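An overview of the molecular structure
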Amino acid sequence: MRKILLLFSLSIFTLLAVGQVETRYFPQGNALDQIKILEKRTKSSIKHQMPTFDVQKMLKEDAIVDSMKDAPYRFGKGFEVNYTLKDGAWISTDGGRLWSMNFESKGAISINFIFNNLYLPEGAELYIGNASGTMLYGPLKHKDNTESDFFMTDLIEGDDVTIYLFEPSDQKGNSRLTIERVIHAYRGNIPPNVSKLKAYGDGMGCHIDVVCNPEWKTESNAIALILFPIGDETFTCSGALLNNEGFNPYLLTAFHCVDTDSNHGTLSPTEKSNVAQWLFRFHFTRNICNGNSFTNSISCNGATFRAAWQPTDFALLELNRNQIPYEGENRVSFLGWDRSGATSPNGTGIHHPRGDVMKITFDYHAISSYSDKMSWTDGTISPANTHWSVGLDSGTAEGGSSGSPLFNSAGRVIGQLHGGDNRCAPVTKYYGRFDKSWTGEEQTTHA
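Residues numbered from 1 in each chain as written. Predicted model: local features only at pLDDT ≥ 70, side-chain atom pairs only at ≥ 80, totals over all residues. Heavy atoms only, no water.

**Thoughts on the pairing of strand 17 (residues 250–254)**
Where burial is concerned, most of strand 17 is hidden: 5 out of the 5 residues are buried. The pairing of strand 16 (residues 233–241) with strand 17 spans 2 bridges and is antiparallel. The residue bridging L241 from the neighbouring strand is L251, located in strand 17. Pairing of strand 17 with strand 21 (residues 314–319), which is carried by 5 bridges, proceeds in the antiparallel orientation. Paired with T253 across the bridge in strand 21 is A315. (Buried < 20%, exposed > 50% of the residue type's maximum accessible area, 1.4 Å probe, protein only. Helix = DSSP H or I, 4+ residues; strand = E, 2+ residues; numbered from the N terminus. Pairing = 2+ DSSP bridges.)

Printed below as a string of structure tokens:
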């Protein structure tokens, strides 16, 4: 990381500015009624039914992987499709026209989409809502267009969802959209006030909601739930924005979340470029401690690979700056960090286990450097003294928590989660040392 300027390390900064896509929750089921341009919507006459698949087989595979110390959390099965605006239904509406397409994937806990060839002209707005009216994603607008035209959406609760696109009259025919993948979530990550499905909350019962510790509110605003596709499957990890000169959106996460092909331990050009297809969700928390309602989360699309070092399981990405909310109620934070290598009398972790709402863990005792080499389930090895040994006294971490930050007693980041035994506290977890990552050799050149 010597080639990347990460300054102002003593402080957490919350900045003031611009675009992101919001996911809102409406427990009363009136989500679509909140959007004026959807007032004249009709039930889409174009409906696509996704095929069935062997969920139990995937869950058996997951049970094996979940027992490992260092694996991302798989939650979704993707279906390859090829639908464009020509395949949907248009109706005339005030000031323009409204397109819609409905998707059903029976038994899905949530559905989300991967778009390609996405272009929204000025004034166009895209929304995704569920049949029960409890969740609404959007609007996507002109500002959310990406250079690659690739876009992953957030997760929409339920097995029946509809995409809506409003196109103003003066932009008729200028929108482009190809739906190339529909992702069926078969376990995991929908708030229980919205969904009563048993598959939600399948994590350990000892997790602690971060909002039960309001003194960590500012830090929690820097934590991201990461969604990323690998082939026809979708996974989650965690990450955190780091403070730096210029407030570039550098995000710390785990090397093994990027290292997704069979040649573990090194990153191919394809693996590095794949982060451009990742989605980063911020502010995914409950509204109050142990409450049954949730904050509106925001999501950002795409990143650029900047640096990595396998021995400490370290990776650094740069998110798309024009999607980061630097101001307003959805603004993010940038975390202070410490590369001195000093131990700490205690430690704290904030993360998204199994794609769940944000959790917090505590080690009330001194953190130490692990003095032996470490062998991981993917076949990689970490040399001695490249990780912090953290004996959690409260809470825990699971698959999906990988890449989440470890804070020292001063509230500065000193590492990111690599792995450890999967059980409730007391349990030992291992975090790659930030100071060792700083002097690592596997770096990239960039502007």
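Don't stop here, the text continues.
**Things to note about the sheet that holds strand 30 (residues 413–420)**
The pairing of strands in a sheet comes from backbone hydrogen bonds and takes either a parallel or an antiparallel form. Taken in spatial order, the 8 strands make up an open sheet running 14-24-23-29-30-31-28-25, and their pairing is antiparallel. With partners counted over all chains shown, the strands left at the sheet margins are strand 14 (208–209) and strand 25 (368–369), one partner each.

**A look at the confidence of the model for the protein chain**
With 91% of its residues at a pLDDT of at least 70, the protein chain reaches an overall mean of 88. Between residues 1–11, whose pLDDT stays under 50, and residues either more than four places distant or in other chains, the model counts 45 contacts. Long-range and interchain partners of residues 442–447, a stretch whose pLDDT sits below 50, account for 20 contacts in this model, where long-range means more than four residues apart. (pLDDT = per-residue confidence, 0-100. Contact = heavy atoms within 4.5 Å.)

**Overview of the nonpolar core**
Soluble globular proteins: nonpolar side chains tend toward being buried together. Ranked by internal contacts, the top residues of the largest apolar core, which has 51 residues, are L241, L251, W278, F280, F282, L319 and I350. Leaving out residues up to four positions away in the same chain, L241 has contacts with A222, P249, Y250, L251, F282, L319, V332, S333, F334 and L335. (Core = buried A, V, L, I, M, F, W, Y, C linked by side-chain atoms within 4.5 Å.)

**Some thoughts on the pattern of salt bridges**
Considering all chains together, one arrives at 24 salt bridges under this definition. K36 is paired through a salt bridge with E39; the nearest N and O atoms lie 4.0 Å apart. Residue classification places K36 among the exposed residues on the basis of a relative accessible area of 64%. With relative accessibility at 53%, the residue E39 sits in the exposed group. (Salt bridge = Lys/Arg side-chain N within 4 Å of Asp/Glu carboxyl O.)

**Structural notes on unusual backbone geometry**
Leave glycine aside and you will find that most residues have negative phi; peptide bonds, for their part, are mostly trans. The linkage connecting G138 with the following residue, P139, adopts the cis geometry, with an omega of 10°. Residue A425 is joined to P426 through a cis peptide bond whose omega torsion reads 5°. Residue position: P426 is located in the loop between strand 30 and strand 31 (427–433). Backbone geometry at R354 places phi at a positive 55°, although glycine is not the residue there. Relative to the helices and strands, R354 resides in the loop between strand 23 (347–351) and strand 24 (359–363). For R354, a relative accessible area of 15% gives the class buried.

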